Amino acid sequence: MTSKSPKALYIFSFFLSLSLLLSPSNVEAQRKRKDKKKDDVEAKTPAPKKDKSIADLTKSSKKMDGLFTIYQDTITGSLKMVISKDQLDKEYIYFSQIADGVMDAGRIIRGSYRGSKVFKVQKYFNKIEFITQNTSFYFDPENPLSKSKDANMSEGNMASIKIEAFDEDKGLYLIEADDLFLAETLSQIKSPSRPGSSPMSFKLGSLSKSKSKILAIKNYPENTNMEVEYVYSSPSILNGGSNAVADGRNVSIKVFHSLMEMPDNDYEVRFDDQRVGFFTEQIDDQTSTSSTPFRDLIHRWNLKKKDPNAEISEPVKPITWWIENTTPYEWRETIKEGVLQWNKAFEKAGFKNAMAVKVQPDDADWDAGDIRYNVLRWVSSPDPAYGGYGPSFVNPKTGEILGADIMLEFVHFTNRVLYDKLYNNVGMEADEEPIMNDMKFCSLGSEIHQELMFADAVVSATGADDFEMEKIRKQSMLALIMHEVGHTLGLYHNMKASQLFSPEQLEDPEFIKGKCLTASVMDYAALNITRDRSKQGQYDDVSVGPYDIWAIRCGYTPFKTEAERQALLSESTKPEHIFGNDADDMRSPGKAIDPRVNTGDQSNDQITWSVDRIGLANDLMKTAKENFSKEGEFYEELRRVFYILNAQKAGAANTISRFIGGVYVNRDLVGQENATQPYTPVSLEDQKRAMKALSDHIFAPDAFDAPNDLYNYLAQERRGFNFFRGPEDPKIHSMALGYQTRVLDHLLHPNTLQRITDSELYGNAYSLSSFMTDLNDAIFKKDIYGNVNDFRQNLQLAYTNMLVDMLTGKDAEKYTYNAKSMALYNLKTIRNMAGSTGNIASKAHKQHLRTLIDNAIKEVK
Ligand SMILES: [Zn+2]
């Protein structure tokens, strides 16, 4: 169309006049007029239909008073909302959580918190706007720069909704609210499909406005709450999702929305310090010249002493927990005990009875999604996403915790093996990303689950009674509850805490009695299961640890001066206050640098402890067939134990491997008492010890040996046609190789090799050439001149391929020159060792190695 249609012309002239109206001088003039006769002007600007008042438009509606008055039409169910004049330009908090969802939709599951944000309600001509505020920056109000505090940062206009009617006398604006709540206006719910995701993967359809509906409205003076069911529809689908989805074309996700008044209280913000682990709101001070202009605010509850002068006082308002009425009866007492354990820590911070526990009555008129209640919740999900989950939501401007829940998965206290988790947990990579998105997702429950199954195997193999297993489960539940409650108090993980005791102390039942097994319940430490059964004491934490008490003191003590707080923080160098968080932990290959910061480990001598664990798993393997096949049952139990024992060995191997190229990290202040230098490489002795342990217990030709006749019984139970997915026979060699290559993934990771070389400059005595020679020897020396069994053939070939990849693979450029040179050197050494010796299979294997190396070397530039 070349000529302008009359309609287009009309629109054009409309914009012209609008832009004239909005020219700076006009806006200024308008503002002045507005100031003079404010009420008069505002009555005119909305231009509502004069004949329709709020009363007219809400005639057929039910009125619900609260923070924002809501009207719901009794015929159509549609919503209207009233904004009063004194609510304009004020800040509110928005928070949402999933009431119910499905894992298929990408971890959209019951109880997951979606974060909180600050928004303002503004009026623009005849519209009401909902604007997300940027809370990430601070400007000193005294600094002239604060006048430009909105420069180059964006607020977010979530909605701009037409005013339907205006009540001049009361100063009320009526807007339609369906678009606010029945669309993804306040928060994004459906995750976008990832680039490159398979077209065969499950996908939510489009949001259906006609099928989506309001499920409940709960309006209170301080908050307006809405439960909404969003329906995502698609006429046809490739993948119908799991059994959790009844109809893949129509998937419901239920969401709780809460609009809250900005707290106006005497809450005091508290700044973060890297020596202790609190969740934070990260805020940059834009007017500071510091190299670390951080004003990060820790998450904490607004605990105030009833009697401010008393050394120990009850709080004005305790942190009250409700045990959801879905909770199995047999666990209620233990759960209560777990919550109340934290009172020990609060007492040291000056508070008596800071934590309180109640049970939700079966006929309660509130449900666990109600933000006014902190609830310990139970679910038994089709596809459990977490071990436990202890989310809290905060005022983004202050870090004040406003509410919290704890989600617990029943499955972790059963004997159901989650095979995929068994493999993932050894590395965690597959699960890493969603966890990183929400640091409050916690996999402790699934770690405990595996440990419990291992404990079960140990206990039943050694003929202990059911009472012993009962005791272990109770201790684990207590530990899990203390851990998840710790999250809701603002604490994040402390993966270094397991350094507190020696293996000997853990094997001393009298010494360990009544204690936390580590410095903190916030670790993912292994259960204390002794190989020598006569030395078995307590299995898990039965108390909060010394770090936990200190951290609560740092976060909650009502300090009179900053010096008092600093004095307490300076106790970080005490061994029992040792701390390292998830970002510092070494659970994934190549990640982080301090081997003390790890999951699934135990004691201040993890190498000795891990070798012991491998020994215990090997002991059990020898008699597994006799101990775990029960008359009258199928062989699923035996199969389960076989995989559990191997996973234990693999986990221990990973822990050991982290010492090679490891660097201990300390985060002390300059001049702090007992401060140590930040970086200290692991001693040569310990690195060599780790290398030897891997060589003997993980890479050795007999490392994954089991009695041959065991394999005949590793039968999976048939259910319908479940073997369509793949043949059912146990994949013994690929399991062993998978575990071995996980260790090699770390040892030959570009980060590890680079660090070995760099740290030679500051104290590392295990040179890259010595390490790589030792590794080559560990994988070849024992059998390369004779017969090589299938386990070792697999390992040798996989390792050789990794060396080749260091030179010519897609990640080759990530390796340093000296690492590549050592890879080439090792390949040539292997080439020389791999002669035509041994039986036919061994000869074939060695010929394969030679061919591989010859071809690879030609590619090396
Ligand atoms: Zn956790």
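Worth saying up front: this structure is predicted, and the values here are computed from it rather than measured.

Trainee: A description of a negative patch on the surface should follow, citing residues and the corresponding values.
Mentor: A cluster of acidic residues, E330, D465, D466 and E470, forms a negative patch on the protein surface. As for its placement among the helices and strands, E330 is situated in helix α6 (residues 329-340). E330 gets classed as exposed once you look at its relative accessible area, which sits at 59%.

Trainee: Account for the UniProt feature "domain: EcxA zinc-binding" (unreviewed entry) in the protein, naming residues and giving values.
Mentor: With numbering aligned to this structure, UniProt lists the feature "domain: EcxA zinc-binding" (unreviewed entry) at residues 469-783. Helix makes up 46% of residues 469-783 and strand makes up 2%, while its end C-alpha atoms are separated by 43 Å.

Trainee: Give me the packing of aromatic side chains: which residues, what numbers.
Mentor: Scanning the entire structure with this criterion turns up 22 aromatic pairs. Between W322 and W366 the ring centres are 5.2 Å apart and the planes differ by 75 degrees, which places this aromatic pair in the edge-to-face class. Pair noted here: W322 is in strand β17 (residues 319-323) and W366 is in the loop between β18 (355-359) and β19 (374-379), with a separation of 44 residues, a long-range link. For the pair W322 and W366, a shared accessibility class is recorded, and that class is buried. Their ring planes at 5 degrees and their centres at 5.6 Å tell us that Y547 and F579 sit as a pair that is stacked.

Trainee: Requested: an account of a nonpolar patch on the surface, with residues and values cited.
Mentor: Together, Y679, L761 and Y762 line one region of the surface with nonpolar side chains, adding up to about 370 Å² of accessible area. Mapped onto the fold, Y679 is located in strand β25 (residues 679-681).

Trainee: Any details on the UniProt feature "domain: DUF5117" (unreviewed entry) in the protein? Residues and values, ideally.
Mentor: Using the residue numbers shown here, the UniProt feature "domain: DUF5117" (unreviewed entry) corresponds to residues 115-306. Secondary structure over residues 115-306 splits into 2% helix and 38% strand, and the C-alpha atoms at its two ends are 31 Å apart.

Trainee: So what's going on with the nonpolar core? Which residues, and what values?
Mentor: One finds W342, F346, M355, L489, I552 and Y556 to be the most contacted residues of the largest nonpolar core, which totals 104 residues. Among the elements that make up this core, the one with the highest residue count is helix α10 (residues 444-461) (nine residues).

Trainee: Provide a residue-level description of the pairing of strand β2 (residues 69-73), including the pertinent values.
Mentor: Note on strand geometry: in a regular strand, side chains alternate between the two faces of the sheet. Taking burial as the measure, the five residues of β2 include four buried ones, the bulk of the element. The pairing of strand β1 (residues 61-64) with β2 spans four bridges and is antiparallel. Bridge pairing in β2 places S61 opposite D73. Counted between consecutive antiparallel strands, the loop separating β1 from β2 contains four residues. When β2 meets strand β3 (residues 79-84), the two strands line up antiparallel, connected through four bridges. The partner of T69 across the bridge, within β3, is V82. Hairpin connection from β2 to β3: five residues lie between these consecutive antiparallel strands, with G77 at a positive phi of about 80 degrees.

Trainee: Tell me about the pattern of salt bridges, and name the residues and values.
Mentor: This model, assessed by the stated rule, comprises 38 salt bridges. Between R249 and D247 there is a salt bridge; the shortest N-O distance is 3.3 Å. Through salt bridges with shared partners, a single ionic network connects D456, K630, E637 and R640.

Trainee: Describe the pairing of strand β5 (residues 113-124), naming the residues involved and giving the relevant values.
Mentor: Two elements, strand β4 (residues 91-100) and β5, share six bridges in a ladder whose sense is antiparallel. Bridge pairing in β5 places Y94 opposite K117. In terms of strand pairing, β5 meets strand β6 (residues 127-132) through six bridges, oriented antiparallel. Across the sheet, the residue bridging to K120 is I131, located in β6. The antiparallel pairing of β5 with β6 creates a hairpin that spans two residues between the two strands, and F125 there sits at a positive phi of about 45 degrees.

Trainee: Could you give an account of unusual backbone geometry, with specific residues and numbers?
Mentor: Not every positive phi belongs to a glycine, and D89 is a case in point at roughly 65 degrees. Looking at where D89 falls in the secondary structure, it is placed in the loop between β3 and β4. Although it is not a glycine, N152 sits at a positive phi angle of roughly 60 degrees.

Trainee: Can you tell me about the packing of helix α24 (residues 817-833) against helix α25 (residues 840-859), naming the residues and giving the values?
Mentor: In the contact formed by α24 and α25, the axes pass within 9 Å of each other and the chain directions differ by 145 degrees. Relative to α25, the crossing made by α24 is left-handed. Touching L824, L827, K828, I830 and R831 of α24 are L849, R850, I853, D854 and I857, all from α25. When grouped by side-chain class, the residues that make up the contact of α24 with α25 number six nonpolar, no polar and four charged.

Trainee: Before we move on, can you summarise the side chain of K496 with the specific residues and values?
Mentor: Structurally, the position occupied by K496 is in the loop between α11 (466-488) and α12 (503-506). Classification of K496 by relative accessible area gives buried; the value is 5%. Here K496 is in contact with D523, I578, F579, G580, D594, R596, V597, V665 and N666, once residues within four sequence places are set aside.

Trainee: Could you give me a rundown of helix α16 (residues 606-622), with the residues and numbers involved?
Mentor: Taking 1.5 Å of rise per residue, the 17 residues of α16 would be expected to cover 24 Å, and the 24 Å separating its terminal C-alpha atoms lies within 8% of that figure. Among all positions of α16, only Q606, I607, W609, S610, R613, I614, G615, L616, A617, L620 and M621 are buried. The elements touched by buried residues of α16 are α10, α17 (624-628), α18 (636-657) and α19 (684-699).

Trainee: Give a detailed account of the side chain of R658, specifying residues and quantitative values.
Mentor: Within the element layout of this structure, R658 appears in the loop between α18 and β24 (663-665). Notably, R658 is buried but unbridged: the nearest opposite-charge side chain belongs to D585, and the N-O separation is 7.9 Å. Polar side-chain contacts of R658 include one of 2.8 Å to the backbone oxygen of M586. Dropping the residues within four chain positions of it, R658 is found in contact with M586, R587, S588, P589, P595, N598 and H746.

Conventions used here
Residues numbered from 1 in each chain as written. Predicted model: local features only at pLDDT ≥ 70, side-chain atom pairs only at ≥ 80, totals over all residues. Heavy atoms only, no water. Patch = residues over 30% accessible without salt bridge, like charges linked within 9 Å, V, L, I, M, F, W, Y side chains within 5 Å. Areas by Shrake-Rupley, 256 points an atom, 1.4 Å probe, with all protein chains shown as cover. Salt bridge = Lys/Arg side-chain N within 4 Å of Asp/Glu carboxyl O. Lys, Arg positive; Asp, Glu negative; His and termini not counted. Charge placed at Lys NZ, Arg CZ, Asp CG, Glu CD. Helix = DSSP H or I, 4+ residues; strand = E, 2+ residues; numbered from the N terminus. Buried < 20%, exposed > 50% of the residue type's maximum accessible area, 1.4 Å probe, protein only. UniProt positions renumbered as here; feature names shortened; annotations may be inferred. Phe/Tyr/Trp six-rings, centres within 6.5 Å; stacked < 30°, edge-to-face > 60°. Core = buried A, V, L, I, M, F, W, Y, C linked by side-chain atoms within 4.5 Å. Pairing = 2+ DSSP bridges. Axes fitted to C-alpha atoms, helices over the stretch in contact; angles between N-to-C directions. Left-handed = near helix turned anticlockwise from the far one by under 90°. Contact = heavy atoms within 4.5 Å. Nonpolar A, V, L, I, M, F, W, Y, C, P; charged D, E, K, R; others polar. Expected span 1.5 Å × (residues − 1). Polar contact = N/O pair within 3.5 Å; in protein donor to acceptor, adjacent residues only side chain to side chain.

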